[in-house]
Amino acid sequence: MAFKSLLSVAGPDHSDQDVRIAAGLCAEVSAYLSVLIMSPPPLAMSPPPLGDGIPEWPRNRAHAIAALEKRYRQIERFSQDIARLEKVSREIHKLLRATWRCYDVDIANCDQASVGDAVRQRALCNDLTIVGPALLNDINLGPLVVNGSLFDTGKPVLVVPEGAATLSPRRVLVGWDSRVEASRSVREALDLLAGAEEVRVALVDPEATCTGNGAEPGADIAAYLTRHGARVSVDRLASAGKPVAMVLAQHAIDTSADMIVIGAYGNRRLRERLFGGVTRWIVGKPPLPLFLAR
C-alpha cells in the first residue's frame, strides 16, 4: 500500500532526531506526519481529585495533612509534565514549519498502563508508525509504543536504528516462514517490494511445502511477489544452530539490504513477552531498518 500518513512518537527528553527522520520519510513519499509526544510512563499520572480519600472532618489531623501534601506533590508533578510536553510541542512545531508543512503535533500524559492504548488510537488512523533510534533506546517508553502500534491495529511499524532510512529501498530482505504474520508483512510492504531493484526472500531451515506440486520452499511467495511486479530471488539458509534472527540479520548485511521485512510476534503474545522471539531479538538491536507487521 502507499503510505500517505505517518505517525512518529517521541518522549519529552528525546532529541528531535526521530521527528527529523519521520519528516524526511514523509517528504520522500509526500505523506502527512502526525507527531505524538508522550510523558515518560513511570513519571506520568492523571491529576488526582483533591477531595478523594480525605474525610470531611479528619479524625487524624496529621494523616489528613500528609494526604493533602501528597496530593499537592502529585498535582505539581502533573503540571510540570504538562509544561515539559507543551515546551517540546512548541519546539517540534518550529522544526516542522521549517522542514515539512503537512503535519500535526499532539501530546499525551499517560500512566504506564495507558501508553499502549494512546498509541493504538493514533496508529489506527495512520498508515505507518515510525520508531526512531531515540525511542528505540528508551527502555521505558519504546517497548510500550511498539506493542501499542502492532497489537490490535492491523498497521505496520518501521523501526529505524541509527543511520539512514528510506521508503524507497533498493534491496529488501523478506524473512519468510509461511505464517500469517509473514504474509501480512509482505502485503503491507507490497509497494516497497514492487519498487525495489532486488527482493530476496530468505527462509531459515525451510521444510518442504505441502502443496502437492513438488514446488521448492519459497516458490509460492516468490511467484506471488513476481505477479505484483517485484524482482525476486529465494535464499534457503541453514541456521547451523544459530538463532533465526541472527541468521536473517547477517544475511541482510551480507546482501547489502536496505531494509528487512518480517512478520511480527509469530508466537503467542504471552509467550513472546516471557521468552522473546525473532521479532523481539531483532527489534532490540536491528542492523538496518526493520518493517514489521502482524
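Novice: When you look at helix 8 (residues 219-227) in this model, what are you seeing that I'm missing?
Specialist: Because the α-helix completes a turn every 3.6 residues, residues three or four places apart line up on one side. Restricting attention to buried positions, one finds in helix 8 the residues Ile221, Ala222 and Leu225. Looking straight down helix 8, one finds that the buried residues subtend no more than 105 degrees of arc, so they occupy a single side. In this fold, the buried residues of helix 8 make contact with helix 6 (180-188), helix 7 (190-195), strand 7 (198-204) and strand 8 (232-237). Within two residues after helix 8, glycine 229 carries a phi angle of roughly 95 degrees, on the positive side.

Novice: Can you walk me through the sheet that holds strand 6 (residues 171-175) in this structure?
Specialist: The pairing of strands in a sheet comes from backbone hydrogen bonds and takes either a parallel or an antiparallel form. With mixed pairing, the 10 strands of this open sheet are ordered in space as 3-2-1-4-5-10-9-6-7-8. Two strands in the sheet have a free side with no partner beyond their single neighbour: strand 3 (103-108) and strand 8. Averaged over all adjacent pairs, the angle separating strand axes in this sheet is 25 degrees, with direction ignored. This element, helix 3 (residues 112-123), spans strand 1 (5-10), strand 2 (32-38), strand 3 and strand 4 (128-131) of the sheet and lies at about 170 degrees to strand 2. Contacts from helix 9 (residues 244-254) reach strand 6, strand 7, strand 8 and strand 9 (259-263), with the element oriented near 155 degrees to strand 7.

Novice: Would you explain the side chain of aspartate 127 in this entry?
Specialist: When you line up the elements, aspartate 127 lands in the loop between helix 3 and strand 4. Despite its burial, aspartate 127 pairs with no opposite charge, the nearest such side chain being lysine 155 at 5.0 Å. Within the structure, the side chain of aspartate 127 is placed 2.7 Å from the backbone nitrogen of lysine 4, a separation counted as a polar contact.

Novice: Help me understand the packing of aromatic side chains, please; the structure alone is not making it clear to me.
Specialist: Where two aromatic rings form a pair, the distance of their centres and the angle of their planes describe that pair. Applying the stated criterion across every chain yields a total of one aromatic pair. Centre to centre, the rings of phenylalanine 3 and phenylalanine 291 are 6.1 Å apart; their planes meet at 50 degrees, and the pair counts as tilted. Taken together, the residues phenylalanine 3 in the segment before strand 1 and phenylalanine 291 in strand 10 (residues 290-293) connect sequence positions 288 residues apart. Residue classification places phenylalanine 291 among the buried residues on the basis of a relative accessible area of 0%.

Novice: Got a minute to help me understand the nonpolar core in this structure?
Specialist: In a soluble, globular protein the nonpolar side chains are often hidden away together inside. Core analysis: the biggest nonpolar cluster contains 44 residues, and Leu6, Leu33, Leu96, Leu158, Leu193, Leu225 and Phe291 have the highest contact counts within it. A per-element tally of this core places helix 1 (residues 17-29) first, with six residues. In this structure, leucine 33 is in contact with Leu6, Ser8, Val19, Ala22, Ala23, Cys26, Leu96, Trp100, Cys102, Tyr103 and Asp104, ignoring residues within four places of it in sequence. One finds Met38, Val145, Val157 and Ala257 within the second-largest nonpolar core, a separate group that totals 33 residues.

Novice: Looking at this model, I keep getting lost on the pattern of salt bridges. Mind explaining?
Specialist: Pairing between side chains of opposite charge can happen when the charged atoms of each approach one another. Evaluation of the coordinates by the stated rule reveals 12 salt bridges. As a salt-bridge pair, glutamate 91 and lysine 87 come within 2.7 Å of each other at their nearest N and O atoms. Of this pair, glutamate 91 and lysine 87 both sit in helix 2 (residues 61-99), four residues apart, which is roughly one turn of that helix. Judged by its relative accessible area of 46%, lysine 87 falls in the partly exposed class. Through salt bridges with shared partners, a single network forms among Arg171, Glu198, Arg200 and Asp235.

Novice: Teacher, can you tell me more about helix 6 here?
Specialist: For helix 6, the set of buried residues is Glu181, Ala182, Ser185, Val186 and Glu188. For helix 6, the buried positions fall inside an angular range of 165 degrees around the axis, keeping them on one side.

Cut-offs and rules
Residues numbered from 1 in each chain as written. Predicted model: local features only at pLDDT ≥ 70, side-chain atom pairs only at ≥ 80, totals over all residues. Heavy atoms only, no water. Buried < 20%, exposed > 50% of the residue type's maximum accessible area, 1.4 Å probe, protein only. Helix = DSSP H or I, 4+ residues; strand = E, 2+ residues; numbered from the N terminus. Arc of directions from axis to C-beta. Contact = heavy atoms within 4.5 Å. Pairing = 2+ DSSP bridges. Axes fitted to C-alpha atoms, helices over the stretch in contact; angles between N-to-C directions. Lys, Arg positive; Asp, Glu negative; His and termini not counted. Salt bridge = Lys/Arg side-chain N within 4 Å of Asp/Glu carboxyl O. Polar contact = N/O pair within 3.5 Å; in protein donor to acceptor, adjacent residues only side chain to side chain. Phe/Tyr/Trp six-rings, centres within 6.5 Å; stacked < 30°, edge-to-face > 60°. Core = buried A, V, L, I, M, F, W, Y, C linked by side-chain atoms within 4.5 Å.

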